[in-house]
Amino acid sequence: MAVLSASGREVQQVDWRKRLLHNRTFLGLLFMLPAAALLLTFLTFPLGYGVWISLTDEKVGRGGAFVGLENYGWLFEDSVFWLSVFNTFLYTVVASIIKFVLGLWLAMLLNHHLPFKAFLRAIVLMPFIVPTVLSALAFWWIYDSQDSVISWILIELGLMDETIDFLGDPWNARWSVIAANIWRGIPFVAITLLAGLQTISPSLYEAATIDGASEWQRFRHITLPLLTPIIAVVMTFSVLFTFTDFQLIWVMTRGGPINATHLMATLSYQRAIVGGSLGEGAAIATAMIPFLLAAILFSYFGLQRRKWQQGGRDD
Amino acid sequence: MASVEIRGARKSFGSTEVLHGVDIDIPNEAFVVLVGPSGCGKSTLLRMIAGLEEITAGEISIDGRVVNLVPPKERDIAMVFQNYALYPHMKVYDNMAFSLKLAKVANGEIDRRVREAAAVLNLDELLDRYPRQLSGGQRQRVAMGRAIVRDPQVFLFDEPLSNLDAKLRVQMRTEIKELHQRLRSTSVYVTHDQIEAMTMADKIVVMRDGNVEQAGPPLEVYDRPENTFVATFIGSPAMNMIEGRVQVKNGAARLQAGDGTLLPMPPTAQARDGQPIIYGLRPEHFALTGDSAGVQSKVAVVEPTGAETLVVCDLAGGEVQVLFRERHHFKPGQPIRLDPVAQEVHVFDAESGRRLN
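Presented here is an overview of the structure given in this document. Model, not experiment: these values are computed from the prediction.

## What about the overall build of chain A?
In terms of regular secondary structure, chain A is built from 13 helices and zero strands. In chain A, the succession of helices and strands from N to C terminus is α-α-α-α-α-α-α-α-α-α-α-α-α. Each principal axis of the C-alpha atoms in chain A carries an extent, and together these give about 110 × 70 × 35 Å. Burial status across chain A gives 38% buried among its 315 residues. Contacts spanning at least 24 positions in sequence make up 67% of the contacts within chain A whose residues lie at least 6 apart. Entry remark: accessible area of chain A is about 18500 Å², with carbon and sulfur atoms responsible for 71%. Taking the average place of the 20 positive charges on the side chains of chain A and the average place of its 21 negative ones, the gap between the two points comes to 17 Å.

## Some remarks on a negative patch on the surface
All names here are of chain B. Taken together, the side chains of E220, D223, E226 and E344 define an acidic patch exposed on the protein surface. Structurally, D223 is set in helix α7 (residues 218-223). Judged by relative accessible area, which is 46%, D223 ranks as partly exposed.

## Section: the sheet that holds strand β3 (residues 31-35) of chain B
Residues and elements named next belong to chain B. What the six strands build is an open sheet, ordered β6-β7-β8-β3-β9-β10; its pairing is mixed. Of all strands in the sheet, those with a lone pairing partner are β6 (77-80) and β10 (211-216), marking the two edges. Looking at each pair of strands side by side, their axes are set apart by 15 degrees on average, direction ignored. Judged from the four bridges that link them, β3 and strand β9 (residues 203-208) form a sheet pairing that is parallel. Within β9, the residue paired with V32 across the bridge is K203. Here helix α4 (residues 136-148) sits on the sheet and contacts β6 and β7 (154-158); the angle it forms with β6, its principal contact strand, is near 175 degrees.

## Observations concerning the pattern of salt bridges
Considering all chains together, one arrives at 19 salt bridges over all chains under this definition. The partner of E17 of chain B in a salt bridge is R10 of chain B, with the nearest N and O atoms 3.2 Å apart. A residue is classified by how much of its surface remains accessible, and E17 of chain B, at 30% relative accessible area, is partly exposed. Look at R10 of chain B and you get partly exposed, because its relative accessible area is 33%. With a closest N to O distance of 3.5 Å, D128 of chain B and K91 of chain B form a salt bridge. Residue D128 of chain B is located in the loop between α3 (107-120) and α4, and its partner K91 of chain B is located in the loop between β6 and α2 (92-102); the two are separated by 37 residues in the primary sequence. When its relative accessible area of 57% is taken as the criterion, D128 of chain B is described as exposed. Taking relative accessible area as the criterion, K91 of chain B reaches 24% and is therefore assigned partly exposed. Each of the salt bridges in this network shares a partner with another, and the network as a whole consists of E206 of chain A together with K11, R47 and E53 of chain B.

## Some details on the sheet that holds strand β13 (residues 262-264) of chain B
All names here are of chain B. Judged by pairing direction, the sheet is antiparallel, and its five strands sit side by side in the order β13-β12-β11-β14-β20 without closing on themselves. The sheet terminates laterally at β13 and β20 (346-349), the two strands that pair on one side only. The average angle at which neighbouring strand axes cross in this sheet is 45 degrees, direction not considered. Bridging between strand β11 (residues 240-249) and strand β12 (residues 252-257) involves six bridges; their strand directions are antiparallel. Each residue of the ladder has a partner; that of V248, found in β12, is A253.

## Looking at the pairing of strand β18 (residues 318-324) of chain B
All names here are of chain B. The pairing of strand β17 (residues 309-315) with β18 spans seven bridges and is classified as antiparallel. Bridge pairing links D314 to E319 in β18. From the end of β17 to the start of β18, which pair antiparallel, there are two residues, and A316 there has a positive phi angle of about 50 degrees.

## Thoughts on the nonpolar core
Judged by nonpolar contacts, the single largest core of 76 residues is most densely connected at M252 of chain A together with I6, L45 and L156 of chain B. Residue contributions to this core peak at 10 residues, all from helix α8 (residues 170-197) of chain A. With residues up to four places along the chain from it excluded, the contact list for I6 of chain B reads V22, D23, I24, I26, L45, I49, E59 and I60 of chain B. With 47 residues, the next largest nonpolar core counts A117, L164, I204 and F233 of chain B among its residues.

## Some details on the layout of surface pockets
If a probe the size of a water molecule is rolled over the atoms, the empty space left behind becomes visible. All names here are of chain A. Taken as a whole, the largest pocket spans an internal volume of roughly 840 Å³. Lining the largest pocket are 19 residues, with N111, H112, Y205, E215 and R218 positioned closest to its centre. Within the residue set of the lining of the largest pocket, elements represented by two or more residues are α4 (79-111), α9 (202-210) and α10 (215-243). Residues of the lining of the largest pocket, tallied by class, amount to nine nonpolar, six polar and four charged.

## With respect to the packing of aromatic side chains
All names here are of chain A. This model, assessed by the stated rule, comprises 24 aromatic pairs over all chains. Taking 5.7 Å as the distance between ring centres and 65 degrees as the angle between the ring planes, the aromatic pair formed by F188 and F241 counts as edge-to-face. Of this pair, F188 sits in helix α8 while F241 sits in helix α10, placing them 53 residues apart in sequence. A connected cluster of aromatic rings, assembled from ring pairs, spans F128, F188, F237 and F241.

Cut-off values and rules
- Residues numbered from 1 in each chain as written.
- Chains lettered and ligands numbered in written order.
- Predicted model: local features only at pLDDT ≥ 70, side-chain atom pairs only at ≥ 80, totals over all residues.
- Heavy atoms only, no water.
- Helix = DSSP H or I, 4+ residues; strand = E, 2+ residues; numbered from the N terminus.
- Buried < 20%, exposed > 50% of the residue type's maximum accessible area, 1.4 Å probe, protein only.
- Contact = heavy atoms within 4.5 Å.
- Areas by Shrake-Rupley, 256 points an atom, 1.4 Å probe, with all protein chains shown as cover.
- Lys, Arg positive; Asp, Glu negative; His and termini not counted.
- Charge placed at Lys NZ, Arg CZ, Asp CG, Glu CD.
- Patch = residues over 30% accessible without salt bridge, like charges linked within 9 Å, V, L, I, M, F, W, Y side chains within 5 Å.
- Salt bridge = Lys/Arg side-chain N within 4 Å of Asp/Glu carboxyl O.
- Pairing = 2+ DSSP bridges.
- Axes fitted to C-alpha atoms, helices over the stretch in contact; angles between N-to-C directions.
- Core = buried A, V, L, I, M, F, W, Y, C linked by side-chain atoms within 4.5 Å.
- 1 Å grid on protein atoms, 1.4 Å probe; cavity = no way out; pocket = protein on both sides within 12 Å on 5 of 7 lines; lining within 4 Å.
- Points joined across faces, edges and corners; volume = space filled by probe spheres on them.
- Nonpolar A, V, L, I, M, F, W, Y, C, P; charged D, E, K, R; others polar.
- Phe/Tyr/Trp six-rings, centres within 6.5 Å; stacked < 30°, edge-to-face > 60°.

None of the figures reported here should be taken as evidence of function without further support.
Written out as structure tokens, the structure reads:
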């Protein structure tokens, strides 16, 4: 009897394991575990920790105590913080719009039959390939107050008498870093939109031509609507990259002159690492989250397939 | 409605000439089919009429007006594309209305014309759908509807049925023909399918390698092909071609095939004794004989289709296809005697391929 019941229990145990391994829900969770662990460790934890630090008065080399929303309160009163918010918006909006317009234009040029097409496409990708720090250094030199190549050319051409103080004057500096960001960001927009353009069947343009559409009307009624889904994705990414930009600014101006080019990302770094106020820096970084979420939501709705893209399921 | 004249039209892509001086007359209200194997230049020619390709040399005129330099939208033509080219982001209604909107036609008039065309093509129920939500045949109809609403002088069709399955193709073939009979609009239709060409055309233009091989009414092209290319291209199953030499004996000409078999020739053939020729005979022009008349042959394969029986036979050292309207229950290997109908024989010069009778 005893022997029998023991082996019976064993059978039951094996049964239970087998059943678990055949359970789809359990298997699904099991297989998701590695990815979930990675995401939790490297994404959720730093993000959560950052938010937590923003609620403390932690400094470099000294643990902090929970202070609630005090850091945010300080920021709310801080004109430099509001200046950085303004700068970030100016930087993002102006650079993104120009990157989109120029990128689309470049993509359409490259979509035509051009001589040396492959070569030209490679050239277009150059700004994207060069490490940002390197291109920032190059721009730093181009914008130098004494040795700027732009100033030199303008003076040689007799158009100016003295050098331009690109990075010394607040508004000059703002436009200068925006120009550098545009230069750096165009390839991404252009190449991605080019990929989108190539999915549009040439016969649609021919049909539209026969239907009497001018070049502008073909762009307006064929290219633009068919490109919308890709534009939504590209521009979301472009906005995210621009909004969180750090390298270009930090190398070229460190946020100067007089904070005129401080973006939220650079200000956060300066307060947290350079200035040592981790709590305050974290609060500035956390303040970026709502804006980034808004951009992601924009992408979420932009990414949703248009009615015309799907089959017969909706009416 | 209008006629279209093509005079000495040439087209080169870089240094490659794909059309070598083509002359075609497309009469007013006619349904003309350009047919030929792929790469013969038929689609290029159609696109030249549409204005999508430049004309390298020669002239194309529509309704008496030379259109070489006229942009597509001013040519008053409409085109149905092989892949339909429907605007995927527009509903059926907007696809059809697009050209009228661009032409700034009044909204009421647009609505009237779209609904009229939709009624003709049975698209009434589908006006509110996107192209993705339509079947192949429905998309095809929308593409035609888009052409009809414009009421153009000339309709151009670029292999419009080649993306449809066999059954639908036959059905749409009839629909297009009916539509043409109703609208009486001048139409140019490109296809590689000779059955489509035969069944739909008022006039067939057979093309090969950038040249017109023959043009004329379908049955005339079928009955009197001018060369071996047209003879074998038009007609399915294809015409049998037997090589041999002319043998004149007692004033009567016969063909001596490679293996010595003698076949009767039509009295009209202009051929010398000993001249090498190609002897063409359509599969339906063999008679089955029981007596000593005709030529000895052996059944190789029997392909009954119900309405007809296609028999592949060994004859004169090669294989010929023979089509019987009545049913036969032959066995492979069975000997039969076949009598070629002499007045239906096509005689071609072996060297040039030109017709001799």
